Amino acid sequence: MNKTVLVIGSGGRCHAIVAALGRSPHVGTIYCAPGNAGISRAATCVPIRETEVDRLLDFAREKGVDLTVVGPEAALAVGIVDRFREAGLRIFGPTRAAARIESSKEFAKTLMQRNGIPTAEYRTFREVSEACEYVKSRPFPAVLKYDGLAAGKGVVIAETYPEAEAALRDMLLDDKFGKGSVVVEDYLTGPEFSFMCLVSGRHVQPLALAQDHKRAFDGDKGPNTGGMGAYSPLSFVTAEDEYFALHEIMQRTADALCDEGCPFTGVLYGGLMKTPQGIKVIEFNARFGDPETEVVLPRMKSDLYEHFTRVADGEDAGTPEWHDFATLGIVMASKGYPDAYEKGFPIEGLDDIDGEVFHMGTDVKDGQLVTFGGRVLMVVCQGATVSEAREKALREVKKIKCENLFFRKDIGLQK
Ligand code: AMP
Ligand code: GLY
């Protein structure tokens, strides 16, 4: 009960990591940089941003931090893990080179193709005219994924040729964002699911499966968001599916990264799809998923601190153990999200919730909890089954009073 941990990040994922570490008998003090209003009840928040590596390094040294855990991708992409390791500090997360599995679509697709890891057929382009010719030769819709320095242009699913051409021009001819490339890939169909694994070189330990709901509104309608809810476990993924995903996708990817000279340490997140032709990779992330983490970690029975330290020390994480209960979480988001929204609305009713409330974007103003982000809170409830957990979460979420929040009522009902 004497270890000091520093968790980097500020959202609901970070809150869930802090809560899980707080259950470890090894952990004494938890710092979180920068954290948020909810996290500050479970950890000491320090006002250092997630990409201020020098300041984080100084802080970890000064406080004698035994383990640093990185939540968000932005910190990984600036090489925080490399810097901490050079300084001899223990840190959980992948190096900048290994994190390219998320930060570069082209790197990820090439690695999959070379190693026979199932994913949508694709080609990479730097020239608009060549990309357009290729799009014309493939069935619609076309999936266009920007790959370059301009983050935020993301993924476009074009139903028609004019739409695809406009998106390609936007991605490849817009000098404002510098020169990048575009991965054009075939459109796949089927339910998506998130498979997170604790990876340490060639050692791969699966975490419980979860499903995210990316669209803003009920019935999977509306724009894509960071995720409006999640649940775990999943009934539509069979034991054979999971075996295949573990051995043919996650293990192969971990091995391939070792063979490329950039072994992965941390959470490798497979965004997978169960297509009529089998399970395929939609994307990889180099970190815990948000909001999946908020439903997966509450189900973990084994000690997260022990898993993290083993991975950070280059060893196998050890086999995680799980509670039998199901979890389901509903995200409350600011009206208008994922587009423009207002902040600063008072939130009431949190103390009456029978379940866990993870703070995603909250702040305290004059002693009052207020909204401070697009996604604001996530209410996670347990049940013997997913539908029991859903009923409970729906009941509990309605106890939270705030005039500017909305949520989905069909989490766990969509595939
Ligand atoms: P990403 O930003 O890569 O997670 O993509 C956002 C979303 O676009 C995914 O969650 C999928 O729903 C969808 N998507 C991405 N690639 C494909 C694909 N090849 N086929 C169908 N849908 C896709
Ligand atoms: N839930 C998807 C992600 O974390 O990227």
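Now for a look at the structure at hand. On a predicted model such as this, the values are computed, not experimentally measured, just so you know.

Criteria and cut-off values
- Residues numbered from 1 in each chain as written.
- Chains lettered and ligands numbered in written order.
- Predicted model: local features only at pLDDT ≥ 70, side-chain atom pairs only at ≥ 80, totals over all residues.
- Heavy atoms only, no water.
- Pairing = 2+ DSSP bridges.
- Helix = DSSP H or I, 4+ residues; strand = E, 2+ residues; numbered from the N terminus.
- Axes fitted to C-alpha atoms, helices over the stretch in contact; angles between N-to-C directions.
- Parallel < 35°, antiparallel > 145°, perpendicular 65-115°, else oblique.
- Left-handed = near helix turned anticlockwise from the far one by under 90°.
- Contact = heavy atoms within 4.5 Å.
- Nonpolar A, V, L, I, M, F, W, Y, C, P; charged D, E, K, R; others polar.
- Buried < 20%, exposed > 50% of the residue type's maximum accessible area, 1.4 Å probe, protein only.
- Phe/Tyr/Trp six-rings, centres within 6.5 Å; stacked < 30°, edge-to-face > 60°.
- Near = heavy atom within 4 Å.
- Polar contact = N/O pair within 3.5 Å; in protein donor to acceptor, adjacent residues only side chain to side chain.
- Areas by Shrake-Rupley, 256 points an atom, 1.4 Å probe, with all protein chains shown as cover.
- Expected span 1.5 Å × (residues − 1).
- Arc of directions from axis to C-beta.
- Patch = residues over 30% accessible without salt bridge, like charges linked within 9 Å, V, L, I, M, F, W, Y side chains within 5 Å.
- Salt bridge = Lys/Arg side-chain N within 4 Å of Asp/Glu carboxyl O.
- Lys, Arg positive; Asp, Glu negative; His and termini not counted.

For the rest of this paragraph, the subject is the sheet that holds strand 17 (residues 278-285). Picture the strands of a sheet paired through backbone hydrogen bonds; they go either parallel or antiparallel. Taken in spatial order, the four strands make up an open sheet running 11-10-16-17, and their pairing is antiparallel. Edge positions in the sheet fall to strand 11 (203-206) and strand 17, since each of these pairs with one other strand and no more. For this sheet, the mean inter-axis angle between neighbouring strands, taken without regard to orientation, is 35 degrees. Inspection of the sheet shows strand 10 (residues 192-200) paired to strand 16 (residues 265-275) by nine bridges, in the antiparallel sense. Considered in strand 16, the bridge of Glu192 is made with Met273.

Let's shift gears to the packing of helix 7 (residues 128-137) against helix 8 (residues 161-172). It is at 10 Å that the axes of helix 7 and helix 8 come closest, and there the two elements cross at 155 degrees. Taken together, helix 7 and helix 8 sit at an angle that is classed as roughly antiparallel. Crossing angle aside, the handedness with which helix 7 passes helix 8 is right-handed. Across from Val128, Ala131, Cys132, Val135 and Lys136 in helix 7, the residues of helix 8 making contact are Tyr161, Ala164, Glu165, Leu168, Arg169 and Leu172. The residue inventory of the contact of helix 7 with helix 8, partitioned by class, reads eight nonpolar, no polar and three charged.

What follows deals with unusual backbone geometry. It is generally the case that most residues other than glycine have a negative phi and that most peptide bonds are trans. The step from Phe140 to Pro141 runs through a cis peptide bond, and the omega angle for that step is 0 degrees. Relative to the helices and strands, Pro141 resides in the loop between helix 7 and strand 7 (142-147). Tyr337 connects to Pro338 through a cis peptide bond whose omega is 15 degrees. Structurally, Pro338 can be placed in the loop between strand 18 (326-334) and strand 19 (356-359). With phi around 55 degrees, Asp220 is a residue other than glycine that occupies positive phi space. Looking at the element boundaries, Asp220 is found in the loop between strand 13 (215-217) and strand 14 (221-224). When its relative accessible area of 29% is taken as the criterion, Asp220 is described as partly exposed. Despite not being glycine, Asp366 shows a phi value in the positive range, around 50 degrees.

Glancing now at the packing of aromatic side chains. Taken as a whole, this structure holds six aromatic pairs when the rule is applied. When the centroid spacing of 5.3 Å and the interplanar angle of 45 degrees are considered together, the rings of Phe125 and Tyr134 count as tilted. An identical accessibility class is assigned to Phe125 and Tyr134; each is buried. Judged by centre distance (5.9 Å) and plane angle (50 degrees), the rings of Phe217 and Phe406 are tilted. One end of the pair, Phe217, is in strand 13; the other, Phe406, is in strand 23 (residues 405-406), with 189 residues separating them in the sequence.

A few words on the site of ligand 1. Around ligand 1, the structure places 13 residues, and the nearest of them are Glu185, Asp186, Leu188, Glu192 and Glu283. A distance of 3.0 Å is found between an oxygen atom of ligand 1 and a side-chain nitrogen or oxygen belonging to Glu283. Within the complex, the protein chains bury 86% of what would otherwise be the 480 Å² of accessible surface of ligand 1. Residue composition of the shell around ligand 1, by class: six nonpolar, no polar and seven charged.

The full set of residues close to ligand 2 is Asp212, Tyr269, Asn285, Arg287, Gly289, Asp290, Pro291 and Glu292. In the model, a nitrogen atom of ligand 2 is placed 2.8 Å from a nitrogen or oxygen of the Asp212 side chain. Between Glu292 and ligand 2, the recorded distance is 2.8 Å, taken from a side-chain N or O atom to a nitrogen atom. The fraction of the free accessible surface of ligand 2 (200 Å²) that becomes covered by protein chains is 89%.

A few words now on helix 8. The end-to-end C-alpha separation of helix 8 is 16 Å, in line with the 16 Å expected for twelve residues at 1.5 Å each. When we look at burial in helix 8, the residues that qualify are Ala164, Ala167, Leu168, Met171 and Leu172. Within helix 8, the buried residues cover an arc of 115 degrees as seen down the axis, which keeps them to one side. Looking at the buried positions of helix 8, the neighbouring elements they touch are strand 6 (122-125), helix 7, strand 7, strand 8 (155-158) and strand 9 (181-186).

Right, let's get into the environment of Tyr161. Along the chain, Tyr161 falls in helix 8. You can call Tyr161 partly exposed: its relative accessible area is 23%. Sequence separation between Tyr161 and Thr29 is 132 residues, and the spatial gap between their C-alpha atoms is 56 Å. The residues contacting Tyr161, other than those within four sequence positions of it, are Cys132, Val135, Lys136 and Phe140.

On to a nonpolar patch on the surface. Nonpolar side chains collect at one region of the surface, where Val155, Ile157 and Tyr187 lie side by side and expose about 260 Å² of accessible area between them. With respect to the secondary-structure elements, Ile157 resides in strand 8.

Let's shift gears to the side chain of Arg299. Looking at the element boundaries, Arg299 is found in the loop between helix 10 (292-296) and helix 11 (304-312). No salt bridge is formed by the buried Arg299; the nearest opposite charge belongs to Asp324, separated by 6.1 Å. Residue contacts for Arg299: discarding those within four places in its chain leaves Ala208, Ser232, Pro233, Glu321, Trp322, His323, Asp324, Phe325, Ala326 and Thr327.

Going residue by residue along strand 15 (residues 229-232), you find Gly229 and Tyr231 tucked away on one face and Ala230 and Ser232 tucked away on the opposite face as well. With two bridges connecting them, strand 12 (residues 211-212) and strand 15 associate as antiparallel partners. Counted as the bridge partner of Asp212 is Ala230 from strand 15. Sheet analysis places strand 15 next to strand 18, joined by four bridges and oriented antiparallel. By the bridge assignment, Ser232 is partnered in strand 18 with Thr327.

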